Amino acid sequence: MVPMSENSAPALPEHPIIAVLGGTGDQGLGLAYRWARSGLRVLIGSRDRERAEAAAAQVGHGVIGGTNDDVAERCDVALVAVPWAGHAPLLESLREPLRDKLVIDCVNPLGFDKQGAHCLDVAEGSAAQQAQALLPDSVVVGAFHHVSAVLLQDRDLESVPDMDILVLGDVRAATDAVQELADRIPGLRGIYGGRLRNCGQVEGLTANLISINRRYKTHAGVRITDV
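Here the structure is a predicted model, which means the values were calculated and not measured.

Let us now look at the overall build of the chain. Secondary structure assignment for the chain yields 8 helices and 10 strands. Its C-alpha atoms give the chain a radius of gyration of 16 Å, within 12% of the compact-globule value 17 Å for 227 residues. Each principal axis of the C-alpha atoms in the chain carries an extent, and together these give about 45 × 35 × 35 Å. Taking all 227 residues of the chain together, 54% fall into the buried category. Accessible surface for the chain amounts to roughly 10,700 Å². Of this, 48% is attributable to carbon and sulfur atoms. For the chain, the separation between the mean place of its 21 positive charges and that of its 29 negative charges on side chains is 4 Å.

This part takes up the nonpolar core. The biggest cluster of nonpolar side chains holds 41 residues, and the ones touching the most others in it are Trp35, Leu79 and Phe144. Considering each element in turn, this core owes the most residues, 6 residues, to helix H1 (residues 26-37). Excluding anything up to four places from it in sequence, Trp35 contacts Ile18, Leu40, Val42, Leu79, Phe144, Leu181 and Ile185.

Time to look at the pairing of strand E2 (residues 41-46). The buried fraction of E2 is high, at 5 of 6 residues. Two elements, strand E1 (residues 17-21) and E2, share 5 bridges in a ladder whose sense is parallel. What sits directly across from Leu21, in E2, is Gly45. As for the winding sense of the linkage, the β-α-β connection from E2 through helix H2 (residues 49-59) to strand E3 (residues 64-67) is right-handed.

Let's shift gears to the pattern of salt bridges. Throughout the structure, instances matching the rule amount to 9 salt bridges. Between Asp70 and Arg49 there is a salt bridge, with the nearest N and O atoms lying 2.2 Å from each other. Of this pair, Asp70 sits in helix H3 (residues 68-74) while Arg49 is found in helix H2, placing the two residues 21 residues apart along the sequence. The exposure class of Asp70 is partly exposed, given its relative accessible area of 29%. One continuous salt-bridge network, built from bridges that share partners, spans Arg95, Glu96, Arg99 and Asp137.

Now for the state of the cysteines. Applying the stated rule across the entire model yields 0 disulfides. We note that Cys106 lacks a disulfide partner, and the nearest cysteine sulfur, in Cys199, lies 10 Å from it. Given a relative accessible area of 0%, Cys199 falls into the buried group.

Definitions and cut-offs
Residues numbered from 1 in each chain as written. Predicted model: local features only at pLDDT ≥ 70, side-chain atom pairs only at ≥ 80, totals over all residues. Heavy atoms only, no water. Helix = DSSP H or I, 4+ residues; strand = E, 2+ residues; numbered from the N terminus. Rg over C-alpha atoms; globule rule 2.2 N^0.38 Å. Buried < 20%, exposed > 50% of the residue type's maximum accessible area, 1.4 Å probe, protein only. Areas by Shrake-Rupley, 256 points an atom, 1.4 Å probe, with all protein chains shown as cover. Lys, Arg positive; Asp, Glu negative; His and termini not counted. Charge placed at Lys NZ, Arg CZ, Asp CG, Glu CD. Core = buried A, V, L, I, M, F, W, Y, C linked by side-chain atoms within 4.5 Å. Contact = heavy atoms within 4.5 Å. Pairing = 2+ DSSP bridges. Right-handed = clockwise from strand over helix to strand, strands pointing away. Salt bridge = Lys/Arg side-chain N within 4 Å of Asp/Glu carboxyl O. Disulfide = S-S within 2.5 Å.

Spelled out as structure tokens, the structure:
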């Protein structure tokens, strides 16, 4: 692939290969299932190949499992879906296989205590900005922070209840591509949410949604009005 820049980005194939890094977790499994169901080729990555292969078999729809290194090398687009504690170590190890590729970061730096979920400080400003700092030869886009893993994995739901996916990044062609990937999942709509520097408050909003969901026993998301 040709390196992306502020003003240009290579067009992705009509049916891009998506690698879900850390795809054995709930969020990764849910997005892998929805994308594979839409007809895209999806790879699930893990530190442990057998665990990734078992997760891929669970998802079905032709999904293939492998190590994070293997699937990062083979993909057109990578989704980072690991716990916050493993975010930096994973990306540091994948700088070369992710070179010149589009990387979607959906990680929320959150902590939990007796009062519930709360935001954690990130030196770079957000998980997505940390990813961009660790992957200087990739283009990072922040997205998919707020969609419920429970809804994504519910096979009785043909469509996820209507919600918007805020997409943040510094390269127009890259954010457009991620909006299109959101639109492939019935019920979701990709909405441009600003530059990557604005991703911190979007990641942090997840703590508020967790509080809402616990209080009202639901799976609330975000919907932008008048767009």
